[in-house]
Amino acid sequence: MAEVVLKNVSKDFGSVKVIRGVDLSIADGEFAVFVGPSGCGKSTLLRLVAGLEDISGGDLYIGGDRANAKSPKERGIAMVFQSYALYPHMTVYENMAFGLSLSGGGKAEIDAAVRKAADILELTPLLERLPKQLSGGQRQRVAIGRAIVRNPRVFLFDEPLSNLDAALRVQMRIEIAKLHKEIGATMVYVTHDQVEAMTLADKIVVLNAGNVEQVGAPLELYHHPRNMFVAGFIGSPKMNFLATRVESVSEKGLEVALPGGGSVTVPVRPDGLSAGDMVTLGIRPEHFGDLAESGSETGLSGTVDVIEHLGEATLAYVKLADGTLATAKIPGDAALREGQDIRLALPGSQCHLFRGDETALPRL
Amino acid sequence: MNPRRFVARLAFWLLIVAIAVFSIFPFYYAILSSFRSGSALFSPALLPDRVDFANYVSVFVEQPFGRNILNSIGVAVTVVGFSLFLGLTAAYALGRVRFKGRGVLLFTILGVSMFPQVAVLSGMFELIRALGIYNSMPGLILANLILTLPFTVWVLTTFMRELPKELEEAAYVDGASPWTVVTRIFLPLMWPAMVTTGLLAFIAAWNEFLFALTFTLSAEQRTVPVAIALLSGASQFELPWGNIMAASVIVTVPVVVLVLVFQRRIVAGLTAGAVKG
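Numbers given to residues run from 1 along each chain, matching the order in which its sequence is written. Labels follow written order: the first chain is A, the first ligand is 1, and so on. Local features are withheld for residues below a pLDDT of 70 in this predicted model, meaning they are given only at 70 or higher, and side-chain atom pairs are given and counted only at 80 or more; totals for whole chains, interfaces and linings count all residues.

In this section: the UniProt feature "domain: ABC transporter" (unreviewed entry) in chain A. According to UniProt, the feature "domain: ABC transporter" (unreviewed entry) maps to residues 4-234 of chain A in the numbering used here. In DSSP terms, a helix is any run of H or I states spanning at least four residues, a strand is any run of E spanning at least two, and both are numbered starting from the N terminus. Taken end to end, residues 4-234 of chain A comprises 39% helix and 26% strand; its first and last C-alpha atoms sit 24 Å apart. UniProt positions are given in the numbering used here, feature names are shortened, and annotations may be inferred rather than shown by experiment.

Moving on, we get to the sheet that holds strand S20 (residues 352-354) of chain A. Each strand in a sheet pairs with another by means of backbone hydrogen bonds, the pair being arranged parallel or else antiparallel. All names here are of chain A. Spatial strand order, S13-S12-S11-S14-S20: five strands in an open sheet with antiparallel pairing. Either end of the sheet is taken by a strand with one partner, and the two such strands are strand S13 (263-266) and S20. Each adjacent strand pair in this sheet contributes to an overall mean axis angle of 45°, direction not counted. Strand pairing is assigned whenever DSSP detects at least two bridges linking the two strands. As judged from the six bridges shared by strand S11 (residues 240-250) and strand S14 (residues 278-283), these two strands associate in the antiparallel manner. Bridge pairing in S14 places Ala-243 opposite Thr-280. For helices, the axis comes from a line fit to the C-alpha atoms of the stretch in contact; other axes are also lines fit to C-alpha atoms, and the angle between any two N-to-C directions lies between 0 and 180 degrees.

Residues and elements named next belong to chain A. The mixed open sheet is built from six strands, whose spatial order is S6-S7-S8-S3-S9-S10. Both outer strands of the open sheet, strand S6 (77-80) and strand S10 (211-216), are each paired with one neighbouring strand and no more. Pairs of neighbouring strands in the sheet enclose a mean axial angle of 20°, with direction left out of account. With five bridges joining them, strand S9 (residues 203-208) and S10 adopt antiparallel strand pairing.

Attention shifts here to the pairing of strand S16 (residues 299-309) of chain A. Residues and elements named next belong to chain A. Across five bridges, S16 lies against strand S19 (residues 341-345) in antiparallel orientation. Considered in S19, the bridge of Gly-299 is made with Ala-345. Note that S16 and strand S17 (residues 313-320) share seven bridges and pair antiparallel. Across the sheet, residue Val-306 finds its bridge partner in S17, namely Tyr-317.

Let us look at the interface of chain B and chain A. A residue pair is marked as a contact if its C-beta atoms, positioned from the backbone, fall within 7 Å. Contacts between the two partners involve 14 residues from chain B, matched on the other side by 17 residues from chain A. Contributing elements (two or more residues each) for the side of chain B that touches chain A: helix H7 (165-173) and helix H8 (178-189) of chain B.

Our next topic: the packing of helix H4 (residues 102-112) of chain B against helix H6 (residues 137-162) of chain B. Residue and element names in this part refer to chain B. Here H4 crosses H6 at 140°, and the two axes come no closer than 8 Å. Relative to H6, the element H4 lies oblique. For H4 against H6, the interelement crossing comes out left-handed. Side by side, H4 and H6 meet where Leu-106, Ile-109, Leu-110 and Val-112 of the first sit next to Ile-146, Pro-150, Val-153, Trp-154 and Thr-157 of the second. The nonpolar class holds Ala, Val, Leu, Ile, Met, Phe, Trp, Tyr, Cys and Pro. Asp, Glu, Lys and Arg form the charged class, and all remaining residues, Gly among them, are polar. Here the contact of H4 with H6 is built from residues that sort into eight nonpolar, one polar and no charged. An angle below 35 degrees is treated as roughly parallel, one above 145 as roughly antiparallel, one from 65 to 115 as roughly perpendicular, and anything else as oblique. Note on convention: near helix rotated counterclockwise from far helix by under a right angle means a left-handed crossing. Clockwise means right-handed.

Residues and elements named next belong to chain A. If you look at the biggest cluster of nonpolar residues, it comprises 157 residues, and the most contacted ones within it are Val-33, Leu-156, Val-188 and Leu-353. As used throughout, domain bounds are those supplied by an automatic or database domain assignment. Each of two domains, domain 1 (4-227) and domain 2 (240-354), supplies a minimum of three residues to this core. Setting aside chain neighbours within four positions, we find Val-188 in contact with Val-4, Ile-26, Ala-32, Phe-34, Leu-46, Val-49, Val-154 and Leu-156. Among buried residues, those of type Ala, Val, Leu, Ile, Met, Phe, Trp, Tyr and Cys that are joined through C-beta atoms within 7 Å form a set called a nonpolar core. Here the C-beta atoms are placed from the backbone, and a residue counts as buried if at least 20 other C-beta atoms lie within 10 Å of its own, exposed if 12 or fewer do, and partly exposed otherwise.

Another aspect to go through is the domain arrangement of chain A. For chain A, the assigned domains are domain 1 (4-227) and domain 2 (240-354). For domain 1 of chain A and domain 2 of chain A, the distance between their C-alpha centres works out to 40 Å.

Right, let's talk about helix H3 (residues 92-102) of chain A for a bit. Residue and element names in this part refer to chain A. Of all eleven residues making up H3, eight are buried, and the element is well covered by its neighbours. Residues of H3 that are buried include every one of Val-92, Tyr-93, Asn-95, Met-96, Ala-97, Phe-98, Gly-99 and Leu-100, and no others. Its buried side turned inward, H3 meets helix H4 (107-120) and helix H5 (136-149). Positive phi shows up at Gly-104, right after H3, with a value of about 75°.

What follows is about the UniProt feature "transmembrane region" (unreviewed entry) in chain B. UniProt marks residues 12-31, 69-92, 104-125, 137-156, 185-206 and 241-262 of chain B with the feature "transmembrane region" (unreviewed entry), using the numbering shown here. Taken as a whole, residues 185-206 of chain B contains 95% helix and 0% strand, while its terminal C-alpha atoms sit 31 Å from one another.

Okay, the packing of H4 of chain A against H5 of chain A next. Residues and elements named next belong to chain A. One way to put it is that H4 packs onto H5 with a least axis distance of 9 Å and a crossing angle of 135°. What the angle tells us is that H4 and H5 run oblique. The two elements H4 and H5 cross, and the hand of that crossing is right-handed. Contacts between H4 and H5 involve Ala-113, Val-114, Ala-117, Ala-118 and Ile-120 on the former and, on the latter, Gly-145, Ile-148 and Val-149.

Put into structure tokens, the structure is as follows:
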């Protein structure tokens, strides 16, 4: 059990800066998830914590000790790899016992640890099999078992579920969440799947091009994204962004113009903005309302370009007056046709406003 | 079957027969001649008239041929052992460790095998004399390593590179040292490649002639290829073809047996890594 603290940690490969001065603190027992688009450095950051890559600058503390120069083993970490990385010539039992046998534990002690982990992960009947005789989900469980057996202070997961099919992924996700509750160790988890991030994390770290964009609880990131990148990355389908202009400033917020006429008042602190300034209006697809039901006057009009029926909801891609394509998520089977005119209600309380430099205006 | 297909079939089988005859006939003729003696040696008959093991006996009686075989086995086995050990450890460094000049080093190693043996002969002679191992087995072992190491290192390096990097990283996270990774993770996975390269190294060392001829002096230190070449008959003008053929058959048999024993492993070694398992 240990907290993980990164202070101004950076990493370059030759002249390429992959991680640019990351400051981050993960509390003892916390489940932290690194998310970001591919190539953002999330896996590299995890490998820096693991000790598989050397840290170019800054300090890493695990459990209060500076760990920059320590080997993975001395750091007390265990890692689960995307490709599982099971030793192909060893049985499940040997795979799980390998780490302990290297550190010279007694036979009985190793046996007890392996059997306990196998019990937690329901691997007991498979202990004598070779990895090639296992299914993907079973291999993943062995990889997790190999990590548990060593009783590490910090668990590191590098996209552990991305090789599994959708149904298995959900099941394993729940198992990992249960595991975290059960053993209560600090866990750091890398994924590009934001559903995994939202469901598993106590704390999400959004990375972009080697920088931390925002750190926070899942719902905090969803409701209060600090900038356009986080707003666009968290939530699916992605938030709609409309370029617009400030009409007026009042104590109720900022009134901004809408494409195709009309305006909406967004309850945010003006922070020095005045009428005429260019801003970006953000609205999530699921926050558009039905104009008739809401009785509100503010709305966006456009023509339906494409419709996608998901069953529980309908996605309508609406071409607005200024030509931008907005996505609206309408609950249920909406009776829409392509080419049809539509008006979407725009509740001001659900909108986000971003400055010209893409940072969000704080909500009132 | 239409005539065109029949002709194609026939041509195909004729080709196979031709290839088989071409590759097997010399060996067959050697076996045939090893059973003959005297003027019968010069009969062109293709079927054995009688099976006579006199030549096989006289090979061992007239010179220390048993000793020569032991020398050959000693040299070849030691060369294989050294080649595989050095090859494996070098492959780890060249295939897994990032360092400056790795590519240059790899090509230098390959370059070593490009020189004809004669080119390195005199230099090697000086080296061996300076080390004081002339006319001894260590001298031959050292000389043979120059033939076997380049390709062992190359094949094992290529093979090592194919092994997933995560395996190594998982082992490091488990607390393994590089030595443990090589011996307990990579070695078991590299067995097919080790067997294949080991066998090739064995054959190279077993059949090596020029170094063995140059770096040995006494009949007791000779290896088999040299011993066979230097077999002499009753008089200076007689080449004992019967004995030579008998000796050749004797030294070919171990290689054939080895290849048959490891045949499946060799095929596995030559194709492994082609498809992800």
